[in-house]
Protein chains: 2
Amino acid sequence: MDERQALIAFGALSQETRLRLLRLLVMAGPAGIAAGSLAEQVAVSPSNVSFHLKELERAGLVSTRRDARSIVYSAEYDALSGLIRFLMEDCCSGRPEICAPALAAPCCQPGEGARQ
Amino acid sequence: MDERQALIAFGALSQETRLRLLRLLVMAGPAGIAAGSLAEQVAVSPSNVSFHLKELERAGLVSTRRDARSIVYSAEYDALSGLIRFLMEDCCSGRPEICAPALAAPCCQPGEGARQ
DNA sequence: TCGATATTTCAAGGATTATTGAAACATGGA
DNA sequence: TCCATGTTTCAATAATCCTTGAAATATCGA
């Protein structure tokens, strides 16, 4: 994840509808979710969801595939981890002792469940 | 870090000048850097730097103190770690096996140095 | 108090981003 | 082929964000 891509990704995450879309896709896993279903779940018009999904795609955070009439979106886990690493490097750069403790909190444990 | 604050923080990080400012402040540590010095280092006008610093402050990512005529900014490490955790929870929610490996890469090691 | 320094605030303008609804495109089934 | 379905694209408007320079505020030293 280079800086240019990180800037775009941060912008993508700074909008409520997009954050909700990404959460749904992360939880859905590789199976993904069709655009129409996403529009229903976030209660936003199809064209507006399409706009936001394109922004997430530009940020590299989601990818698409066609399945019959539907277009199925799925989260790009590598991009998300890349973004986390980008943030960690900025946070820890030169001062690992300060942010490391906060990261020691339990995370990435199976069964932890999602934030609502 | 709640969702509302995370949205603001992502927005704050999605702008190049602000990301540069934050990096400088992270590297500077608790000593912080005065506004004027920051303006010089990022080569932006004082009033523009002030605008961006206020945005970082609104996001909770920096704090200020007055030192004589200067106003000294410093990074809020807790907010930064909180944002990282927010992202990790979204990323790993329900699917820890997917993003955990990426986070196992070496980070937070003393002497790792900053990204340029 | 006065002037110099350090920074912020404000208003105006330009640039980008978000929302909306209509139209276009692609797919699959009758 | 024709129609229904699922999705995107487009144009227009609204909203938000960024930049700029001038004016205001606060501090310090003479």
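The sections below set out a description of the structure shown in this document. (Residues numbered from 1 in each chain as written. Chains lettered and ligands numbered in written order. Predicted model: local features only at pLDDT ≥ 70, side-chain atom pairs only at ≥ 80, totals over all residues. Heavy atoms only, no water.)

**A look at the sheet that holds strand β1 (residues 33-34) of chain B**
All names here are of chain B.
In step 1: Read across the sheet, three strands follow the order β1-β3-β2 without closing on themselves; strand pairing throughout is antiparallel. The open sheet has two edge strands with one neighbour each: β1 and β2 (62-67).
In step 2: Taken together, the six bridges between β2 and strand β3 (residues 70-75) define a ladder with antiparallel strand orientation. Following the sheet pairing, Val 62 is matched in β3 by Ala 75.
In step 3: Sitting on the sheet, helix α2 (residues 16-28) touches β1, β2 and β3, and the angle it makes with β3 is about 85°. (Pairing = 2+ DSSP bridges. Helix = DSSP H or I, 4+ residues; strand = E, 2+ residues; numbered from the N terminus. Contact = heavy atoms within 4.5 Å. Axes fitted to C-alpha atoms, helices over the stretch in contact; angles between N-to-C directions.)

**A short note on the protein's contact with DNA strand C**
In step 1: Surrounding DNA strand C, one finds 20 residues, the nearest of these being A:Arg18, A:His52, A:Arg69, B:Gly36 and B:Tyr73.
In step 2: Between DNA strand C and the protein, one listed contact pairs a base oxygen with a side-chain N or O atom of A:Ser47 at 3.1 Å.
In step 3: With respect to DNA strand C, the side chain of B:Ser50 contributes an N or O atom lying 3.1 Å from a phosphate oxygen. (Near = heavy atom within 4 Å. Polar contact = N/O pair within 3.5 Å; in protein donor to acceptor, adjacent residues only side chain to side chain.)

**Quick word on helix α4 (residues 46-58) of chain A**
Given 3.6 residues per turn, any residue in an α-helix points the same way as the ones three and four places further on.
All names here are of chain A.
In step 1: Between the first and last C-alpha of α4 there are 18 Å, a value that for 13 residues agrees with the 18 Å anticipated at 1.5 Å per step.
In step 2: Among all positions of α4, only Val 49, His 52, Leu 53 and Leu 56 are buried. Down the axis of α4, the buried side of the element spans an arc of 105°, and every buried residue falls inside it. What points out from α4, more than 90 degrees from its buried face, is the exposed set Ser 47 and Lys 54.
In step 3: Following α4 by one or two positions, Gly 60 adopts a phi angle in the positive range, close to 80°. (Expected span 1.5 Å × (residues − 1). Buried < 20%, exposed > 50% of the residue type's maximum accessible area, 1.4 Å probe, protein only. Arc of directions from axis to C-beta.)

**A short note on the sheet that holds strand β2 (residues 62-67) of chain A**
Residues and elements named next belong to chain A.
In step 1: Taken together, three strands build an open sheet; the order of strands is β1-β3-β2 and the sheet is antiparallel. At either margin of the open sheet sits one strand with a lone partner, and together these are β1 (33-34) and β2.
In step 2: Sitting on the sheet, helix α2 (residues 16-28) touches β1, β2 and β3 (70-75), and the angle it makes with β3 is about 85°.

**Examining the nonpolar core**
In step 1: Membership of the largest hydrophobic core comes to 71 residues, with the highest contact counts inside it found for A:Leu61 and B:Leu61.
In step 2: With near-sequence residues (within four places) excluded, A:Leu61 lies in contact with A:Ala9, A:Ala12, A:Leu13, A:Leu22, A:Leu56, A:Ser74, A:Ala75, A:Glu76, A:Ala79 and A:Leu80. (Core = buried A, V, L, I, M, F, W, Y, C linked by side-chain atoms within 4.5 Å.)

**A look at the protein's contact with DNA strand D**
In step 1: Taken together, 20 residues lie near DNA strand D, and A:Gly36, A:Tyr73, B:Arg18, B:His52 and B:Arg69 sit nearest.
In step 2: Counting only atoms of DNA strand D within 4 Å of the protein, the fraction found in sugar and phosphate groups is 70%.
In step 3: In the environment of DNA strand D, a phosphate oxygen lies 2.4 Å from a nitrogen or oxygen atom belonging to the backbone of A:Gly36.
In step 4: The contact in question runs from a base oxygen of DNA strand D to an N or O atom on the side chain of B:Ser47, over 3.1 Å.
In step 5: When contributions to the surface near DNA strand D are tallied by element, the ones reaching two or more residues are α3 (35-42), α4 and β3 of chain A together with α4 (46-58) of chain B.
In step 6: Residue classes in the surface near DNA strand D are distributed as seven nonpolar, eight polar and five charged. (Nonpolar A, V, L, I, M, F, W, Y, C, P; charged D, E, K, R; others polar.)

**Some thoughts on the environment of A:Ile84**
In step 1: Along the chain, the position of A:Ile84 falls in helix α5 (residues 77-92).
In step 2: Along the chain, A:Ile84 and A:Ala6 lie 78 residues apart, while their C-alpha atoms are 9.7 Å from each other.

**Quick look at the side chain of B:His52**
In step 1: Within the secondary structure, B:His52 is located in helix α4.
In step 2: When sequence neighbours within four positions are dropped, the list of residues in contact with B:His52 reads B:Gln15, B:Thr17, B:Arg18 and B:Leu21.

**Focus on the pattern of salt bridges**
All names here are of chain A.
In step 1: With the rule as written, the count across this model stands at eight salt bridges over all chains.
In step 2: Glu 89 is paired through a salt bridge with Arg 85; the nearest N and O atoms lie 2.7 Å apart. In this pair, Glu 89 and Arg 85 both sit in helix α5, four residues apart, roughly one turn of the helix.
In step 3: For Glu 89, a relative accessible area of 17% corresponds to the buried category. (Salt bridge = Lys/Arg side-chain N within 4 Å of Asp/Glu carboxyl O.)

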